[in-house]
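# An overview of the molecular structure
Each chain, letter by letter, is given below.
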Amino acid sequence: MKFFSFVHKTTLKVRKSSMKNEKRDIDLWNQIKKGDVQAYHKLYDRYINVLFTFGMQYTNDEALVQDAIHDIFVDLHRYRTTVASDVVVKSYLFKSLQNDIFKKLKSQTKIVRLDKLAEGTYKSDSAEDDLILNETTLNKSAGLAIALASLTKKQRYALHLRFSEDLSYEEISSTLEISLESSRTLIYRSLKELRSKL
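In this report, the structure presented in the accompanying data block is examined. (Residues numbered from 1 in each chain as written. Predicted model: local features only at pLDDT ≥ 70, side-chain atom pairs only at ≥ 80, totals over all residues. Heavy atoms only, no water.)

## Side note on the pattern of salt bridges
Scanning the entire structure with this criterion turns up four salt bridges. With its nearest N and O atoms 2.6 Å apart, the salt bridge here joins Arg46 to Asp25. Taken as a pair, Arg46 in helix 2 (residues 37–55) and Asp25 in helix 1 (residues 2–33) lie far apart in primary sequence, 21 residues in all. Judged by its relative accessible area of 29%, Arg46 falls in the partly exposed class. In this structure, Arg78 and Asp75 form a salt bridge, with 3.4 Å as the shortest nitrogen-oxygen distance. Of this pair, Arg78 and Asp75 both sit in helix 3 (residues 62–78), three residues apart, roughly one helical turn. Judged by its relative accessible area of 52%, Arg78 falls in the exposed class. Among the residues examined, Asp75 registers a relative accessible area of 32% and is labelled partly exposed. Here the salt bridges share partners, and the residues they tie into one network are Asp71, Asp100 and Lys104. (Salt bridge = Lys/Arg side-chain N within 4 Å of Asp/Glu carboxyl O. Helix = DSSP H or I, 4+ residues; strand = E, 2+ residues; numbered from the N terminus. Buried < 20%, exposed > 50% of the residue type's maximum accessible area, 1.4 Å probe, protein only.)

## With respect to the packing of aromatic side chains
Counting across every chain of the model gives six aromatic pairs. For the ring pair Tyr44 and Phe73, a centre distance of 5.0 Å and an interplane angle of 75 degrees mean the geometry is edge-to-face. Within this pair, whereas Tyr44 is found in helix 2, its partner Phe73 is found in helix 3, the two being separated by 29 residues in sequence. Taking the relative accessible area as the measure of exposure, Phe73 reaches 2% and is therefore buried. On the basis of an interplanar angle of 50 degrees and a centroid distance of 4.5 Å, the ring pair of Phe54 and Phe94 is categorised as tilted. (Phe/Tyr/Trp six-rings, centres within 6.5 Å; stacked < 30°, edge-to-face > 60°.)

## Looking at the packing of helix 3 against helix 4 (residues 89–107)
A pair of packed helices is captured by two measures, namely the crossing angle of their axes and the spacing between those axes. Contact geometry for helix 3 and helix 4: axes closest at 9 Å, N-to-C directions at 125 degrees. One way to sum up the angle between helix 3 and helix 4 is to call them oblique. The element helix 3 and its partner helix 4 pack so that their crossing is right-handed. Of helix 4, the residues touching helix 3 (which contributes Leu64, Val65, Asp67, Ala68, Ile69, Asp71, Ile72 and Phe73) are Leu93, Ser96, Leu97, Asp100, Ile101, Lys104 and Leu105. Here the residues of the contact of helix 3 with helix 4 sort into 10 nonpolar, one polar and four charged. (Axes fitted to C-alpha atoms, helices over the stretch in contact; angles between N-to-C directions. Parallel < 35°, antiparallel > 145°, perpendicular 65-115°, else oblique. Left-handed = near helix turned anticlockwise from the far one by under 90°. Contact = heavy atoms within 4.5 Å. Nonpolar A, V, L, I, M, F, W, Y, C, P; charged D, E, K, R; others polar.)

## Quick look at the packing of helix 2 against helix 4
Orientation of helix 2 relative to helix 4, taken along the N-to-C sense of each, is 50 degrees, at an axis distance of 11 Å. It follows that helix 2 is oblique to helix 4 by the angle criterion. As for how helix 2 packs across helix 4, the hand of that crossing is right-handed. Residue-level contacts link Leu43, Tyr47, Val50, Leu51, Phe54 and Gly55 of helix 2 to Val89, Lys90, Leu93, Phe94, Leu97, Gln98 and Ile101 of helix 4.

## As for the nonpolar core
Of all hydrophobic cores here, the largest spans 27 residues; its most connected members are Leu43, Leu51, Phe73, Leu93, Leu97 and Ile101. Counting residues per element, the ones that place at least two in this core are helix 1, helix 2, helix 3 and helix 4. Every residue in contact with Ile101, bar those within four places of it in the chain, is listed here: Gly55, Tyr58, Thr59, Leu64, Val65 and Ala68. Counting residues in hydrophobic clusters, the runner-up holds 11 residues, among them Leu151, Ala158, Leu161 and Leu186. (Core = buried A, V, L, I, M, F, W, Y, C linked by side-chain atoms within 4.5 Å.)

## Section: a negative patch on the surface
On the surface, a cluster of negative charge is made up of Glu165, Asp166, Glu170 and Glu171. Exposure remark for Glu170: the relative accessible area of 44% places this residue in the partly exposed category. (Patch = residues over 30% accessible without salt bridge, like charges linked within 9 Å, V, L, I, M, F, W, Y side chains within 5 Å. Areas by Shrake-Rupley, 256 points an atom, 1.4 Å probe, with all protein chains shown as cover. Lys, Arg positive; Asp, Glu negative; His and termini not counted. Charge placed at Lys NZ, Arg CZ, Asp CG, Glu CD.)

## Describing helix 9 (residues 180–197)
Taking 1.5 Å per residue as the helical rise, helix 9 with its 18 residues ought to reach 26 Å, and the 26 Å between its terminal C-alpha atoms agrees with that figure. Every buried residue of helix 9 is listed here: Ser183, Leu186, Ile187, Ser190 and Leu194. One side of helix 9 holds all its buried residues, which, seen down the axis, span an arc of 95 degrees. Exposed and oriented more than 90 degrees from the buried face of helix 9 are Glu181, Tyr188, Arg189, Lys192, Arg195 and Ser196. (Expected span 1.5 Å × (residues − 1). Arc of directions from axis to C-beta.)

Distances and angles like these do not, on their own, reveal function.
Rendered as structure tokens:
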């Protein structure tokens, strides 16, 4: 019973904190709509780090992510009188950033290609084929990024070490200061969770 009571109290605290944050966001949002520059800066400071982390799930291009964040705040300032009042601010910012990054990736053709294209075996017969390929790849990349974002920081880091840095399990266990068996288990469970979300 004590455990369930603790879980219930913790859940209530998280909900109250989330509600406070949403209220603070909507207060800032309404002030921004009235032209309050200080509120605009406060919202930017409040979300810049989390938006950057979110944006980096879609591309390794830091400059592109920073430009996209800058653009959504410039647009927010520019169109502040016409944006909706009843929004979930965090969701709005995340969705806007995602859309802007996708737009930039398309225009700069920095979209990760499918395996055949990477191997040089893909031959396009038309612009429509290229567009379909880009859309398919973009959707897969977005799905993967969302699934990755749902993992813990340690899980994401472990997968990065294994598949981006190409480290062995021994090297990962040394880097994370965990046992060899724990490093194998961490990678296995992270991949299993990732697959279930995809």
